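Understanding the architecture of this molecule
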Amino acid sequence: MLGWLTVTCVFLALALPVTSRLAEADKGRRKVVHVLEDESGAVVVQTAPGKVVTHRGGSITLPCRYHHEPEGPEPARIRIKWTKVTGALQFEDVFVALGRQQRTFGGYRGRVSRQGSGLGDASVVIHNVTLQDYGRYECEVTDDMEDDTGFVNLDLEGVVFPYHPRLGRYKMNFHEAQEVCGQQDAILASYGQLHAAWLEGLDWCNAGWLEDGSVQYPISQPRDQCGRKETPAGVRNYGYRHKEDERYDAFCFTSNLNGKVYFLKRHKKLSYAEAVKACQRDGSTIAKAGQLYAAWKIQLLDRCEAGWLEDGSIRYPIVNPRRRCGGSAPGVRTLGFPDKKYRLYGAYCFRQDAEGPDGTAEGQEKSNSTTGKSPAGL
């Protein structure tokens, strides 16, 4: 026999320094979901619709609640497991709780905890969010006889930027593109992030790798040299390409900085080696491309002076376009990769915060993948 069960879901927002567009949008709103459920008894898991949004260095709640149908006494041993979906049938262990026992894994150690221990609450909080935390998470709740799962998508505020190294355009396979983005304080962008950047006006005529292994590029102003003028504007898609053999550029994504990018004022222009040493003498390091893009997008850095970056490129950020500052649109201007010894420019430096936004030392960005098997005892 089947019966209708009415479930009321309330999105949970963390009262910490959290940036969450979904929490803002859903604050005070109640969502009623009708679930068709049999009467044999089951545990039912509910997670947030849509996605939750924060930024690197922030804290965010991944909401997950559960109840039993039909209602009855709470089972003595409820097992809560959170994993990150890393691919088709591939998972990375994040957090497991069984009674009072709790355990976190890999790069999540010391950063993930239960939001509360109340009945029906399986939510967890991720502190000091990293770029690698972006993605889809599974909440699994198991009692003695039944289990159910739900999913939460964690998104980050940030900026997408196209990138190629000194070697030139279309020189990187997928794995090299991953590595290069990491070297620039970034990760390969997702399709969703690239599409959002296109909606904000990103227009780039060179195809680049995305994190799912596809190759795409955003066109806001169709033209013949970028896939024909008659083709509608949008994100052009080459599909999934061979990760080892085919070579393209990369679309990288970065988020909030754990420090500050600034233009180093000097009376004379500098070679690359002199720029590196000058930043070090100022208590900083020479800035990376991803750090400059984040400073432009998030910290609104605006400087009409070209300067060296760590990769040997020359760039400068423009928030308010003006004459003699390169074009009529805001963006990070790029002058290429000049001779490091004989060409002279200014320098963009990066000074890291002493502590992260939540009072902890910044650092661990990597995490270890697993097959999703449960650790012994949990």
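Residues numbered from 1 in each chain as written. Predicted model: local features only at pLDDT ≥ 70, side-chain atom pairs only at ≥ 80, totals over all residues. Heavy atoms only, no water.

Remarks on the packing of aromatic side chains
- Inspection of every chain in the model, using the stated rule, returns 10 aromatic pairs.
- For the ring pair Tyr170 and Tyr248, a centre distance of 5.7 Å and an interplane angle of 70° mean the geometry is edge-to-face. Of this pair, Tyr170 sits in the loop between β14 (159–163) and α2 (174–183) while Tyr248 sits in the loop between β18 (234–240) and β19 (249–254), and the two are 78 residues apart along the sequence.
- Overall, the relative accessible area of 10% leaves Tyr248 in the buried class.
- Measuring from ring centre to ring centre gives 5.8 Å for Tyr217 and Tyr238, while their planes differ by 80°; the resulting arrangement is edge-to-face. Remark: Tyr238 occurs in strand β18 and Tyr217 occurs in strand β17 (residues 214–219); sequence separation between them is 21 residues.
- Residue Tyr217 is classed as buried on the basis of its relative accessible area of 6%.
- Above the ring of Phe174, the side-chain terminus of Lys243 is found at 4.4 Å from the ring centroid.
- Positioned above the aromatic ring of Tyr272, the side-chain terminus of Lys340 is 4.4 Å from the ring centre. (Phe/Tyr/Trp six-rings, centres within 6.5 Å; stacked < 30°, edge-to-face > 60°. Helix = DSSP H or I, 4+ residues; strand = E, 2+ residues; numbered from the N terminus. Buried < 20%, exposed > 50% of the residue type's maximum accessible area, 1.4 Å probe, protein only. Lys NZ or Arg CZ within 6 Å of the ring centre and 35° of its normal.)

A closer look at helix α5 (residues 289–297)
- Of all the nine residues making up α5, eight are buried; the element is thus mostly covered by neighbouring parts of the structure.
- Among the residues making up α5, those that are buried are Ala289, Gly290, Gln291, Leu292, Tyr293, Ala294, Ala295 and Trp296.
- Of the surrounding elements, those touching the buried residues of α5 are β14, β19, β20 (259–264), β23 (314–318), β24 (331–334) and β25 (346–352). (Contact = heavy atoms within 4.5 Å.)

Concerning the environment of Tyr238
- By relative accessible area, which is 36% here, Tyr238 ends up partly exposed.
- As for Tyr238 and Ser214, which are separated by 24 residues in sequence, their C-alpha atoms are 7.0 Å apart.
- For Tyr238, the residues in contact, after removing those within four places along its chain, are Ala207, Val215, Tyr217 and Tyr248.

What to know about the state of the cysteines
- This structure, assessed with the given rule, holds five disulfides.
- Cys64 shares a disulfide with Cys139; S-S distance 2.1 Å. A torsion of -80° about the S-S bond marks the disulfide between Cys64 and Cys139 as left-handed. Here Cys64 is found in strand β6 (residues 64–69), whereas its partner Cys139 is found in strand β12 (residues 135–142), with 75 residues between them in sequence.
- Assessed through its relative accessible area of 1%, Cys64 is described here as buried.
- What pairs with Cys304 in a disulfide is Cys325, and their sulfur atoms sit 2.1 Å apart. Negative torsions about the S-S bond denote left-handed disulfides, and the value of about -120° found for Cys304 with Cys325 makes this one left-handed. (Disulfide = S-S within 2.5 Å.)

Points about the environment of Ser255
- Along the chain, the position of Ser255 falls in the loop between β19 and β20.
- On a C-alpha basis, the gap between Ser255 and Val160 in space is 9.0 Å, while along the polypeptide they are 95 residues apart.
- Dropping the residues within four chain positions of it, Ser255 is found in contact with His55, Arg56, Leu131, Leu156, Glu157, Gly158, Ala294 and Ile298.
- In this structure the side chain of Ser255 is engaged in a polar contact, spanning 2.5 Å, whose partner is the backbone oxygen of Glu157. (Polar contact = N/O pair within 3.5 Å; in protein donor to acceptor, adjacent residues only side chain to side chain.)

A word on a positive patch on the surface
- Among the surface-exposed residues, Arg266, Lys268, Lys277 and Arg281 lie close enough to one another that they form a single positively charged patch.
- Among the structural elements, Lys268 can be located in the loop between β20 and α4 (272–281). (Patch = residues over 30% accessible without salt bridge, like charges linked within 9 Å, V, L, I, M, F, W, Y side chains within 5 Å. Areas by Shrake-Rupley, 256 points an atom, 1.4 Å probe, with all protein chains shown as cover. Salt bridge = Lys/Arg side-chain N within 4 Å of Asp/Glu carboxyl O. Lys, Arg positive; Asp, Glu negative; His and termini not counted. Charge placed at Lys NZ, Arg CZ, Asp CG, Glu CD.)

Notes on the environment of Leu292
- Residue position: Leu292 is located in helix α5.
- According to the relative accessible area criterion, Leu292 is buried, its value standing at 0%.
- Residues Leu292 and Arg315 lie 23 residues apart in sequence; the distance between their C-alpha atoms is 8.5 Å.
- The residues contacting Leu292, other than those within four sequence positions of it, are Val261, Leu301, Leu309, Arg315, Tyr316, Pro317, Val332 and Tyr348.

Regarding the confidence of the model for the protein
- In the predicted model, the protein carries a mean pLDDT of 84, and 81% of its residues have values of at least 70.
- Here residues 1–40 scores under 50 on pLDDT; set against residues more than four positions off or in separate chains, the count is 77 contacts.
- Segment residues 356–377: pLDDT under 50, and 43 contacts once partners within four positions in sequence are set aside and those in other chains are kept. (pLDDT = per-residue confidence, 0-100.)

Observations concerning the nonpolar core
- Counting residues in hydrophobic clusters, the biggest one holds 89 residues, and the most contacted among them are Leu62, Trp82, Ile126, Val141, Val261 and Tyr348.
- With six residues, α5 is the largest single contributor of residues to this core.
- Apart from the residues lying within four places of it in its own chain, the contact partners of Val261 are Ala287, Gln291, Leu292, Ala295, Gln299, Leu301, Tyr348, Cys349 and Phe350. (Core = buried A, V, L, I, M, F, W, Y, C linked by side-chain atoms within 4.5 Å.)

Describing the sheet that holds strand β9 (residues 101–104)
- Sheet architecture is open: six strands sit in the order β4-β13-β12-β7-β8-β9, paired in mixed fashion. The open sheet has two edge strands with one neighbour each: β4 (51–54) and β9. Ignoring which end each strand starts from, the neighbouring axes of this sheet average 25° apart.
- Relative to strand β8 (residues 90–98), strand β7 (residues 79–87) is paired through eight bridges, and the arrangement is antiparallel. Its bridge partner lying in β8, Arg79 is registered against Leu98. (Pairing = 2+ DSSP bridges. Axes fitted to C-alpha atoms, helices over the stretch in contact; angles between N-to-C directions.)

Brief notes about the side chain of Arg315
- Turning to its location among the elements, Arg315 is positioned in strand β23.
- Among the residues examined, Arg315 registers a relative accessible area of 4% and is labelled buried.
- Separated by 3.1 Å, the side chains of Arg315 and Thr334 make a polar contact.

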